[in-house]
Amino acid sequence: RVAGRLDHDGIAGDQRRRDRAASEREREIERRDHHPCAVRPHHAAIARHDILRTAIVWEGLQEPVQVVWREAPLVVGEVALDPADGDVIEQLQGRFGPRQHRLDVSQAPMMRLHAAHDAASDCWLGLLLSHHLTTDHATLQQLTAELDAHLAGCAHELPEPVPFRDFVAQAR
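About the thresholds
Residues numbered from 1 in each chain as written. Predicted model: local features only at pLDDT ≥ 70, side-chain atom pairs only at ≥ 80, totals over all residues. Heavy atoms only, no water. Helix = DSSP H or I, 4+ residues; strand = E, 2+ residues; numbered from the N terminus. Expected span 1.5 Å × (residues − 1). Buried < 20%, exposed > 50% of the residue type's maximum accessible area, 1.4 Å probe, protein only. Polar contact = N/O pair within 3.5 Å; in protein donor to acceptor, adjacent residues only side chain to side chain. Core = buried A, V, L, I, M, F, W, Y, C linked by side-chain atoms within 4.5 Å. Contact = heavy atoms within 4.5 Å. Pairing = 2+ DSSP bridges. Salt bridge = Lys/Arg side-chain N within 4 Å of Asp/Glu carboxyl O.

Right, let's get into helix H4 (residues 137-151). Taking 1.5 Å per residue as the helical rise, H4 with its 15 residues ought to reach 21 Å, and the 21 Å between its terminal C-alpha atoms agrees with that figure. Within the sequence span of H4, burial applies to Leu-140, Leu-143, Thr-144, Glu-146, Leu-147 and Ala-149. Between a side-chain oxygen at the N-terminus of H4 and the backbone nitrogen of Ala-138 the separation is 3.3 Å; the capping residue is Asp-136. Count one or two residues on from H4 and you reach Gly-153, which has phi positive near 80°.

The next point concerns the nonpolar core. Counting residues in each nonpolar core, the largest one holds 16 residues, and the members touching the most others are Ile-46, Leu-52, Leu-74, Met-111, Leu-113, Leu-128 and Leu-143. Taken together, the elements giving at least two residues each to this core come down to helix H2 (34-48), strand S5 (111-118) and H4. Those residues within four positions of Ile-46 in sequence are excluded, and the remaining contacts are Leu-52, Arg-53, Ala-72, Leu-74, Pro-109 and Met-111. Leu-81, Leu-92, Phe-96 and Ala-116 belong to the second largest nonpolar core, which has 10 residues in total.

When you tally the buried positions in strand S6 (residues 123-131), you get 9 out of 9 residues, the bulk of the element. Of the two faces of S6, the one lined by Cys-123, Leu-125, Leu-127, Leu-129 and His-131 and the one lined by Trp-124, Gly-126, Leu-128 and Ser-130 are each fully buried. Of the strand pairs in this sheet, S5 and S6 are connected by 8 bridges, and their pairing is antiparallel. Residue pairing across strands places Asp-118 opposite Cys-123, the latter belonging to S6. Here S5 folds back onto S6, and the loop between the two strands holds 4 residues, one of which, Asp-122, carries a positive phi near 50°.

Counted by the stated rule, this structure contains 2 salt bridges. Two residues, Arg-48 and Glu-146, come together in a salt bridge whose shortest N-O distance is 3.0 Å. Residue Arg-48 is located in helix H2, and its partner Glu-146 is located in helix H4; the two are separated by 98 residues in the primary sequence. Look at Arg-48 and you get partly exposed, because its relative accessible area is 22%. According to the relative accessible area criterion, Glu-146 is buried, its value standing at 1%. Its salt-bridge partner being Arg-53, residue Asp-50 comes within 2.9 Å of it at the nearest N-O pair. Here the two residues Asp-50 and Arg-53 agree in accessibility, since each one is buried.

Take a look at the structure:
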């Protein structure tokens with residue numbers, strides 16, 4: 001079934017195709033000194049949840065398999081954008097949105113964060129690109145709540161994560 005999904009989305013096929021299966025989410029990072037801090041909660045959430053450390057591998061195998069990595073650091077790209085070229089989020093979307101940027105599903109996590117300083121509002125803005133194989137709407141809502149808890153210093157109040165294997169067992 002995974003192989004059919006891979007072929008359907010064109011993931012295993014033409015590398016030049018845009019990633020239709022990716023979604024994007026904008027996030028504001030309040031001050032420059034919060035930029036590195038805003039990345040730490042992403043790393044913590046990825047470390048907590050198996051599904052966010054998932055990759056699909058197929059090279060050299062008879063069929064694709066889903067693999068959960070022990071560690072999967074979030075790739076963060078920081079770019080300098082010119083405010084004269086327009087809204088920073090629009091520039092990030094234009095440069096890194098799912099129509100322009102492809103996520104490699106063989107690498108975990110299946111998400112990337114691109115950040116830029118918005119001089120007009122003196123804050124950092126981030127565009128989180130994620131793949132639907134690991135993040136749906138509910139997952140993004142949960143991720144946002146966890147990021148907010150980390151930034152508010154309440155991460156210790158988060159419930160224990162459900163192992164992905166338990167979720168898969170329930171779904172069957």
